[in-house]
Amino acid sequence: MTRRVFISYQHEDRKKANGFRILRWNNNVDVEFQDRHLLSPVDSTNENYIKRCIREEMKGASTTVVIVGKETSNSEWVDYEIEHSIEEGKGIVAIKAHDGVTDDDVPDKIQENGGEVLDWNPDEFSGAIERAAQQRHKVGQSTVRGTRGAGCGR
């Protein structure tokens, strides 16, 4: 089944987020999804407007895929996207952007709220997205937990 995913990332990891996005067109990778994202930054400094743009892009997504780099847990906007995903009952999958990313770099809210964490292995992405979509109602019933996410990352 094709799932609709929202791609969340910290600005430094934009190229990797775009790489994830185009995987669905690679015939050698078994991953299928429709994506929603903000790969082009919102041209505003108005926090409420930016949040509204994020919520609009997230509509209809069953799963949020967070591309995790070394600075992701410091991004205020990724933190907001994770929190909103949990509040909306969306499944969450974290994908480490490169080998240097450790579990300590993954925002606490992801694992504390049932999100799966993967290394960059495209063969595992489709199954993880499906599992997250199936778990989304359970995740959405929990309270948002976790503390990482201070500072604006995008």
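Heads up: the structure comes first, above all this text.
Residues numbered from 1 in each chain as written. Predicted model: local features only at pLDDT ≥ 70, side-chain atom pairs only at ≥ 80, totals over all residues. Heavy atoms only, no water.

**Student:** What exactly am I supposed to notice about the environment of Gly89 here?
**Tutor:** Counting through the fold element by element, Gly89 comes out in the loop between α3 (76–87) and β4 (91–96). For the pair Gly89 and Gln135, spaced 46 residues apart in the sequence, the C-alpha separation amounts to 8.8 Å. (Helix = DSSP H or I, 4+ residues; strand = E, 2+ residues; numbered from the N terminus.)

**Student:** What is the right way to read the pairing of β4 from this model?
**Tutor:** One face of the sheet, then the other: side chains in a regular strand alternate in exactly this way. Counting buried positions along β4 yields six of six residues, so the element is predominantly enclosed. Here β4 shows no split at all, with Gly91, Val93 and Ile95 on one side and Ile92, Ala94 and Lys96 on the other all buried. Of the pairings in the sheet, the one linking strand β3 (residues 63–68) to β4 comprises six bridges and is parallel in character. Directly across from Thr63, in β4, lies its bridge partner Gly91. Two strands pair when backbone bridges link them, and β4 and strand β5 (residues 116–118) are joined in this way by three bridges, in the parallel orientation. Across the sheet, Val93 pairs through a bridge with Glu116, a residue of β5. (Buried < 20%, exposed > 50% of the residue type's maximum accessible area, 1.4 Å probe, protein only. Pairing = 2+ DSSP bridges.)

**Student:** Got a minute to help me understand the pattern of salt bridges in this structure?
**Tutor:** Close approach of charged atoms lets side chains of opposite charge pair. What the rule picks out here adds up to nine salt bridges. For the salt bridge of Glu56 with Lys59, the shortest nitrogen-to-oxygen distance reads 3.0 Å. We classify Glu56 as partly exposed; its relative accessible area is 41%. By relative accessible area, which is 51% here, Lys59 ends up exposed. Glu83 is the salt-bridge partner of Lys109, the closest N and O atoms lying 2.6 Å from each other. Pair noted here: Lys109 is in helix α4 (residues 108–112) and Glu83 is in helix α3, with a separation of 26 residues, a long-range link. (Salt bridge = Lys/Arg side-chain N within 4 Å of Asp/Glu carboxyl O.)

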